[in-house]
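Residue strings, one per chain:
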Amino acid sequence: MSSFAYTRSAGVGATIRHRRRELGWTQQELAERVGVARQWIVRLERGNPRAELEPLLRTIFELRLRLALPPEPDDDLDDYVSGFVSGPRP
């Protein structure tokens, strides 16, 4: 399975649209499975940055997608923290 890191809601929406189409579902069919209005799916696929978490998680489940929230590597954590302690570096 492919893995993507998103920093924008538009990427999540595009992935949801792509997967829905792979499954051959209409927006209405997905909305009924998730228990939301079709317009909610439309907004989600367009990258709505304010999508409610619970329906979003149900959508991910229905599409058989995986949501992973691994921590960011902290290779530069000491540099990051010292920037706050000593101020910005020239």
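Everything numeric in this text was worked out from a predicted model, so none of it was measured.

A. A look at the overall build of the chain. Of regular secondary structure, the chain possesses five helices and zero strands. Scanning the chain from its N terminus toward the C terminus, one meets helices and strands in the order α-α-α-α-α. Residues counted as buried form 26% of the 90 residues belonging to the chain. Taking as baseline every contact in the chain between residues at least 6 positions apart, the subset at least 24 positions apart corresponds to 50%. Accessible area of the chain: about 7100 Å², with a carbon and sulfur share of 53%.

B. The environment of Ala-14, seen in detail. Tracing the backbone shows Ala-14 in helix α1 (residues 9-22). Placed 30 residues apart in sequence, Ala-14 and Leu-44 show a C-alpha to C-alpha distance of 8.8 Å.

C. Structural view of helix α3 (residues 38-45). Of all the positions in α3, only Trp-40, Ile-41, Val-42, Leu-44 and Glu-45 are classed as buried. Downstream of α3 by one or two residues, Gly-47 has phi in the positive range, about 95°.

D. Layout of the packing of α3 against helix α4 (residues 53-62). The geometry of α3 relative to α4 is characterised by a closest axis approach of 12 Å and an angle of 85° between their N-to-C directions. Here α4 runs roughly perpendicular to α3, going by the angle between their axes. In this structure, α3 uses Trp-40, Ile-41 and Leu-44 to contact α4, whose residues at the interface are Pro-55, Leu-56 and Thr-59. Tallied by class, the residues present in the contact of α3 with α4 amount to five nonpolar, one polar and no charged.

E. View of a nonpolar patch on the surface. Together, Leu-53, Leu-57, Leu-67 and Leu-69 give the surface a local cluster of nonpolar side chains, amounting to about 430 Å² of exposed area. Assignment of secondary structure puts Leu-67 in the loop between α4 and α5 (77-86).

F. Expanded view of α4. All of the buried residues in α4 are Pro-55, Leu-56, Thr-59 and Ile-60. Down the axis of α4, the buried side of the element spans an arc of 145°, and every buried residue falls inside it. Across α4 from its buried face, at more than 90 degrees, point the exposed residues Leu-53, Glu-54 and Phe-61. For α4, the elements touching its buried residues are α1, α2 (27-34) and α3. Positioned one or two residues after α4, Arg-64 has a phi angle of 55°, which is positive.

Thresholds, definitions, all that
- Residues numbered from 1 in each chain as written.
- Predicted model: local features only at pLDDT ≥ 70, side-chain atom pairs only at ≥ 80, totals over all residues.
- Heavy atoms only, no water.
- Helix = DSSP H or I, 4+ residues; strand = E, 2+ residues; numbered from the N terminus.
- Buried < 20%, exposed > 50% of the residue type's maximum accessible area, 1.4 Å probe, protein only.
- Contact = heavy atoms within 4.5 Å.
- Areas by Shrake-Rupley, 256 points an atom, 1.4 Å probe, with all protein chains shown as cover.
- Axes fitted to C-alpha atoms, helices over the stretch in contact; angles between N-to-C directions.
- Parallel < 35°, antiparallel > 145°, perpendicular 65-115°, else oblique.
- Nonpolar A, V, L, I, M, F, W, Y, C, P; charged D, E, K, R; others polar.
- Patch = residues over 30% accessible without salt bridge, like charges linked within 9 Å, V, L, I, M, F, W, Y side chains within 5 Å.
- Salt bridge = Lys/Arg side-chain N within 4 Å of Asp/Glu carboxyl O.
- Arc of directions from axis to C-beta.

Such coordinate-based values are descriptive only and should not be taken to indicate function.
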